[in-house]
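# Overview (structure and organization)
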Amino acid sequence: MSEWAMRGKGVPVRLEKVSFSYGEAPLTFDVAFAAAEITAIMGPSGSGKSTLLNLVAGFETPQSGRVLIGGADVGADPPSARPVSMVFQENNLFGHLSVEQNVGLGRSASLRLTEADRIAIAEALERTGLSGKERRLPRELSGGERQRVALARVLVRDRPVLLLDEPFASLGPALRDDMLDLVAGVHAERGMTVLFVTHQPEDARRIGQNLVFLNNGTVAATGSADDFFAGAGPEAFRRYIGASAGNAVSRDIARKRT
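All figures in this text were calculated on a predicted structure; none of them were measured in a lab. Starting afresh in each chain, residues are numbered from 1 along the sequence in its written order. Two thresholds apply to this predicted model, a pLDDT of at least 70 for residue-level local features and 80 or more for giving and counting side-chain atom pairs, whereas whole-chain, interface and lining totals are computed over all residues. Excluding hydrogens and water, the side-chain values take into account all heavy atoms of the structure.

### Describing the pairing of strand β9 (residues 210-215)
For the record, the criterion: Accessibility here uses a 1.4 Å probe with only protein chains present; expressed as a share of the type maximum, an area under 20% marks a residue as buried, one over 50% as exposed, and anything in between as partly exposed. What counts as a helix is a DSSP run of H or I of at least four residues, what counts as a strand is a run of E of at least two, and both are numbered from the N terminus. Paired strands are those between which DSSP finds at least two bridges.
In terms of residue burial, β9 counts as a mostly covered element, since six of its six residues are buried. Residue alternation in β9 divides its side chains into two sets, N210, V212 and L214 and L211, F213 and N215, and both sets are buried. In terms of strand pairing, strand β3 (residues 38-42) meets β9 through four bridges, oriented parallel. Across the sheet, M42 pairs through a bridge with F213, a residue of β9. Bridge count for β9 against strand β10 (residues 218-224) is six bridges, and the pairing is antiparallel. In the sheet register, F213 faces β10, and the bridge partner there is A221. Between β9 and β10, which follow one another and run antiparallel, lie two residues, and N216 among them has a positive phi close to 55 degrees.

### Here's the deal with the pairing of strand β6 (residues 84-87)
Side-chain alternation along β6 places V84 and M86 on one buried face and S85 and V87 on a second face that is also buried. Direction of pairing for β6 relative to strand β7 (residues 161-165): parallel, over a ladder of four bridges. Bridge pairing in β7 places M86 opposite L163.

### Points about the packing of aromatic side chains
Aromatic rings in a pair are described by how distant their centres are and how their planes are angled relative to each other. Keep this limit in mind: Two rings belonging to Phe, Tyr or Trp (six-membered ring only in the last case) form a pair when the distance between their centres is within 6.5 Å. Interplanar angles under 30 degrees mark stacking, angles over 60 mark edge-to-face geometry, and anything in between is tilted.
All told, the structure shown has six aromatic pairs when counted by the stated rule. With 6.0 Å between their ring centres and 45 degrees between their planes, F59 and F88 make a pair best called tilted. Taken together, the positions of F59 in the loop between α2 (49-57) and β4 (64-69) and F88 in the loop between β6 and α3 (99-104) put the pair 29 residues apart, joining distant regions of the chain. For F59, a relative accessible area of 43% gives the class partly exposed. Take F88: its relative accessible area is 19%, and that puts it in the buried class. Both rings, one in F213 and one in Y240, keep their centres 5.8 Å apart while their planes meet at 45 degrees; by these two values the pair is tilted. Of the two residues, F213 sits in strand β9 while Y240 sits in helix α9 (residues 235-241), which places them 27 residues apart along the sequence. Taken together, the ring pairs connect F213, F228, F229, F237 and Y240 into an aromatic cluster.

### Quick look at the side chain of S21
Just so we agree on the cut-off: Contacts are assigned to residue pairs that have any heavy atoms within 4.5 Å of one another.
Tracing the chain through its elements places S21 in the loop between β1 (13-20) and β2 (27-33). Residue S21 is classed as buried on the basis of its relative accessible area, which comes to 17%. Not counting residues within four places of it along the chain, the set of residues in contact with S21 comprises P26 and Q63.

### A few points about helix α5 (residues 143-157)
Stated formally: A helix's residues, less one, multiplied by 1.5 Å, set its expected span.
Helix length check: α5 (15 residues) gives 22 Å between terminal C-alpha atoms against 21 Å at 1.5 Å per residue, within 8%. Burial runs high along α5: twelve of the 15 residues are buried. Residues of α5 that are buried: G144, E145, Q147, R148, V149, A150, L151, A152, R153, V154, L155 and V156. Among the structural elements, β6, α3, α4 (115-127), β7 and α6 (173-190) are those in contact with the buried residues of α5. A positive backbone phi angle near 55 degrees is found at D158, which sits one or two residues after α5.

See below:
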């Protein structure tokens, strides 16, 4: 069992005065993410949502500032050494490998799997509703099933931080809700720190405990998701989600509180 797995819970994530630029206006992030909680990251296109996740994962390097995971500065660590798993919108499956093999990559890049690895893979496939589909190739799966494979691979990696970069954006509403509920269920069981990027207010409201709103390349506001959707977010956030979406979510909050 890994050092992180033995701790049994998620760890805090902090971007401390981080600056990054693609050659245009710089992005600046100074924000903390609570351990073992689900935080939605929202904001207009180009505000830096995916870049923020990439900085945490190690796919991008800050020009200044520090990225701290569990209190440790991970700036010098490559992505593979960070206690982080990430699920992308395109799911990153290998078309020539079976479902079982794609999940197995979370345990061994060479697929030299121990008996303990195979047990963990079988458990992850069962947890994500993929039992009986171990031998199928990605092209033989639906979009939702492919994302379940990507999530199962996360489960066998057993890292304390999970990053989700709009992985369910291409799914229909009902299937997207199913996947969000699956993430929430796994989070309840394992207590990972979850950072997920979404453009959908209803997704953030469904599983988000906290919300970070980015605007113009910086952190414009942070707080509880309920407070944001109850009207406590900045005017830029209300414009971003639109009046109808905000009112609908507010009504949902009111129903749940009565």
